Amino acid sequence: MPIQSLFGPPPPPSLFDRFKKAVAATRETLSAKLEEAVAGKKEIDAALLTHLETMLLSADLGPTTTQDLLKAVRDRAEKTPRGGDTAAEVRNILKEELLGILTRAGSGAPANPTAEPPVVLMIVGVNGVGKTTTIGKLAYQLKSSGKEVLLCAADTFRAAANEQLEIWASRSSTEMIRQKPGADPSAVLFDALTAAKSRAVDYVIVDTAGRLHNKSNLMAELEKMKRTAGRLVPGAPHEVLLILDATTGQNGVQQARVFLQAAGVTGIVLTKLDGTAKGGVAVAIARELSLPIRYVGIGEQRDDLVPFNPQVYVDSLFQ
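Now for a description of the structure that goes with this document. (Residues numbered from 1 in each chain as written. Predicted model: local features only at pLDDT ≥ 70, side-chain atom pairs only at ≥ 80, totals over all residues. Heavy atoms only, no water.)

### Some details on helix α5 (residues 62-79)
No. 1: Taking 1.5 Å per residue, 18 residues should reach 26 Å; α5 reaches 26 Å between its end C-alpha atoms and fits that length.
No. 2: Within α5, burial applies to Gly62, Thr65, Thr66, Leu69, Leu70, Ala72, Val73 and Ala77. Axial view of α5: buried residues confined to an arc of 155°, hence all on one face. What points out from α5, more than 90 degrees from its buried face, is the exposed set Pro63, Glu78 and Lys79.
No. 3: Turning to α5, the residues buried within the fold contact α4 (46-58), α6 (86-104), α11 (250-263) and α12 (281-289). (Helix = DSSP H or I, 4+ residues; strand = E, 2+ residues; numbered from the N terminus. Expected span 1.5 Å × (residues − 1). Buried < 20%, exposed > 50% of the residue type's maximum accessible area, 1.4 Å probe, protein only. Arc of directions from axis to C-beta. Contact = heavy atoms within 4.5 Å.)

Below is the structure:
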């Protein structure tokens, strides 16, 4: 008999352990290269700052955020005595600055509550970023917390979208409202919200199309859907969550700019964080667009969508 069975299953990994595993590639870029850059250094000099700049850019923190961080390191160096633990000093400065950027953007804070259900979550993003998977994981999470959830299949442009969403609806034991491919997305949303109000549903999660190659039509469609939601449910949509693939790095920042302007994005869900060395894009988005990171995808299982915790994220990058 295996020893494990004598004592029961091992405890589930903590959120910190899961984050640490997910950002392993980004941590290698930051923490390991930091140690290499400061090896033998007794002070923060120009050569060290050049190493830091390369390191931060390679983690996809972006030029704006990188320059902010370098300035913070230079300013602190001028105010502190020389000869201390340079690695620890630089690491602490970076952690404090990263945490400040994320928290100022609202990451980790709860979303604005709504007085009356249903809470309407509109999910936007380009095709291929994990939008449908994220919807399924979010539905599972809400259902697991005792909430009634309804999925709205409003991506009627892509023929396979309904089938993909239906798979996740089944996995999360969630009902789904759909129409035929090519139907007006706002009509599907109207049906879903009408059903949700009559059935006392807590959350409606709305899938949307992601065809940026036809950007003007897509953005007009999203605007129409927002107006439809607002007419049926006061204050809806209560959250417009943009799904971004962390592996796209700075391209994700540009996507966020487009959707922020057209769809009124209120928060970011960063997917595939476990598959990239570019996890610093979370900080770049928070810094440049003042958008909070709401959730991150850190694996393939249905419970691998977790609320974003800035402190845990920053700590896991440097430990």
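This is not the end of the story, as more comes after the structure.
### Details of the packing of aromatic side chains
No. 1: For the structure on display, the rule yields two aromatic pairs.
No. 2: Ring geometry for Phe19 and Phe308: centres 6.3 Å apart, planes at 70°, overall edge-to-face. Here the residue Phe19 occupies a position in helix α2 (residues 15-22), and Phe308 occupies one in the loop between β8 (305-307) and α13 (310-317), the gap between them amounting to 289 residues.
No. 3: Taking relative accessible area as the criterion, Phe308 reaches 4% and is therefore assigned buried.
No. 4: Centre to centre, the rings of Phe308 and Tyr313 are 5.2 Å apart; their planes meet at 55°, and the pair counts as tilted. A single burial state applies to Phe308 and to Tyr313, both of which are buried.
No. 5: By the ring-pair criterion, three or more aromatic residues cluster together here, those being Phe19, Phe308 and Tyr313. (Phe/Tyr/Trp six-rings, centres within 6.5 Å; stacked < 30°, edge-to-face > 60°.)

### Observations concerning the pattern of salt bridges
No. 1: Within the structure shown, the criterion is met by 14 salt bridges.
No. 2: Between Glu96 and Arg76 there is a salt bridge, and its shortest N-O distance comes to 2.8 Å. With a gap of 20 residues between them, Glu96 in helix α6 and Arg76 in helix α5 connect regions that are remote in the sequence.
No. 3: What makes Glu96 partly exposed here is its relative accessible area of 47%.
No. 4: The residue Arg257 makes a salt bridge to Glu288 at a minimum N-O spacing of 2.8 Å. Taken together, the residues span a long stretch of sequence, with Arg257 in helix α11 and Glu288 in helix α12 at a distance of 31 residues.
No. 5: The exposure class assigned to Arg257 is partly exposed, which follows from its relative accessible area of 37%. (Salt bridge = Lys/Arg side-chain N within 4 Å of Asp/Glu carboxyl O.)

### Concerning helix α8 (residues 161-171)
No. 1: Considered for burial, the residues of α8 that qualify are Ala161, Asn162, Leu165, Trp168 and Ala169. Mapping the buried residues of α8 onto a view down its axis gives an arc of 125°, with all of them on the same face.
No. 2: Looking at the buried positions of α8, the neighbouring elements they touch are α7 (131-144), β2 (149-153), β3 (175-177) and β4 (203-207).
No. 3: Just downstream of α8 lies Ser173, where phi reads positive at about 55°.

Shape descriptors only; they carry no functional weight alone.
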